[in-house]
Amino acid sequence: MNIQPATLSDQTQIKELHLSAFGEEENELVAQLAVELLSEPEVHALVATMDENIVGYAAFSPVRIEKHPDYRGYILGPLAVHPGFQKSGIGSALVNQGLEHLQKEHTDFVLVYGDPEYYGRFGFLVEPAESFIPPFKLEHPFGWQVIVWNPAASSPCQVRCVEPLNDPGLW
Ligand SMILES: CC(C)(COP(=O)(O)OP(=O)(O)OC[C@H]1O[C@@H](n2cnc3c(N)ncnc32)[C@H](O)[C@@H]1OP(=O)(O)O)[C@@H](O)C(=O)NCCC(=O)NCCS
């Protein structure tokens, strides 16, 4: 398995990956998001490949903090591993590699909206995420989590995301 930056030429496989990994109620929306993020500047998107086939994807998009434009934050999502390759460490490898890259780039914090049982293993925490006001009302508030590397960045603040994430249906 290899992990490398995603490119626009990966978009067909990335779309198919998300259609197969997510349930029918959300897979079209998430697949569209995954593809749209490829064209956004500053998005750190990774693919995991096996024999040149894309089996996993993770995108880390920049977020903006109102009143503190100098803080550097990201949000992880979507994250997907092809159903035939799940539970073999691919999701963890994508998340860990992305976090390692962002930490080296002096990122202050990384948000995620997902299952704390899964994301907790990477250090994401629910409680400190209460300071970061999400851009939309959350359907599952318990899934809002953060890793804070710069404690100064965690005073109460409004989070703004890149355009593809500005769809209330994703939240
Ligand atoms: C979630 C997902 C990315 C994990 O990828 P993966 O490659 O299977 O994950 P890993 O192999 O690194 O880790 C597997 C572990 O995570 C656990 N896990 C997977 N999904 C989980 C979830 N939603 N909640 C809690 N634990 C989960 C597995 O049970 C396994 O546990 P173990 O290590 O104790 O055996 C993958 O299952 C997937 O694509 N799911 C469908 C899409 C999705 O839900 N994406 C996340 C959106 S927030």
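Refer to the structure printed above.
What you see is a predicted model, and the numbers here were worked out from it, not measured in a lab.

## What to know about the overall build of the protein
- Along the backbone of the protein there are 4 helices and 8 strands.
- For the protein, the succession of helices and strands along the chain, N to C, is β-α-α-β-β-β-α-β-α-β-β-β.
- Over its C-alpha atoms the protein spans a radius of gyration of 15 Å, differing by no more than 12% from the 16 Å that the globule rule assigns to 171 residues.
- For the protein, the C-alpha atoms occupy an extent of roughly 45 × 35 × 30 Å along the three principal directions.
- By residue count, 46% of the 171 residues in the protein fall in the buried class.

## A word on the site of the ligand
- Near the ligand, the surroundings consist of 19 residues, among which Val81, Lys87, Gly89, Gly91 and Ser92 are the closest.
- Here an oxygen atom of the ligand sits 3.2 Å away from a polar atom, N or O, in the side chain of tyrosine 118.
- Burial of the ligand by the protein amounts to 67% of the accessible area it has alone, namely 890 Å².
- Mapped by element, the contributors of at least two residues to the shell around the ligand are strand E4 (73–81), helix H3 (90–104) and helix H4 (116–119).
- Split by residue class, the shell around the ligand holds 9 nonpolar, 6 polar and 4 charged.

## Here's the deal with the environment of histidine 140
- By the secondary structure assignment, histidine 140 is in the loop between strand E6 (132–133) and strand E7 (144–148).
- By relative accessible area, histidine 140 is classed as partly exposed at 38%.
- When the C-alpha positions of histidine 140 and aspartate 115 are compared, they lie 9.3 Å apart, and in sequence the two are 25 residues distant.

## Observations regarding helix H1 (residues 11–21)
- Among the residues of H1, Ile14, Leu17 and His18 are the ones counted as buried. For H1, the angular spread of the buried residues around the axis is 90 degrees, confining them to a single face. Structural note: H1 exposes Thr12 and Glu16 on the side pointing more than 90 degrees away from its buried face.
- Residues of H1 that are buried make contact with helix H2 (27–37), strand E2 (44–50), strand E3 (53–65) and E4.

## Overview of the pairing of strand E5 (residues 109–113)
- Counting buried residues along E5, 4 of its 5 residues qualify, which places the element largely inside the surrounding structure.
- Bridging between E4 and E5 involves 4 bridges; their strand directions are parallel. Paired with tyrosine 74 across the bridge in E5 is valine 110.
- As a crossover connection, the stretch from E4 through H3 into E5 is right-handed.
- As judged from the 5 bridges shared by E5 and E7, these two strands associate in the antiparallel manner. The residue of E7 that forms the bridge with valine 112 is glutamine 145.

Criteria and cut-off values
Residues numbered from 1 in each chain as written. Predicted model: local features only at pLDDT ≥ 70, side-chain atom pairs only at ≥ 80, totals over all residues. Heavy atoms only, no water. Helix = DSSP H or I, 4+ residues; strand = E, 2+ residues; numbered from the N terminus. Rg over C-alpha atoms; globule rule 2.2 N^0.38 Å. Buried < 20%, exposed > 50% of the residue type's maximum accessible area, 1.4 Å probe, protein only. Near = heavy atom within 4 Å. Polar contact = N/O pair within 3.5 Å; in protein donor to acceptor, adjacent residues only side chain to side chain. Areas by Shrake-Rupley, 256 points an atom, 1.4 Å probe, with all protein chains shown as cover. Nonpolar A, V, L, I, M, F, W, Y, C, P; charged D, E, K, R; others polar. Arc of directions from axis to C-beta. Contact = heavy atoms within 4.5 Å. Pairing = 2+ DSSP bridges. Right-handed = clockwise from strand over helix to strand, strands pointing away.

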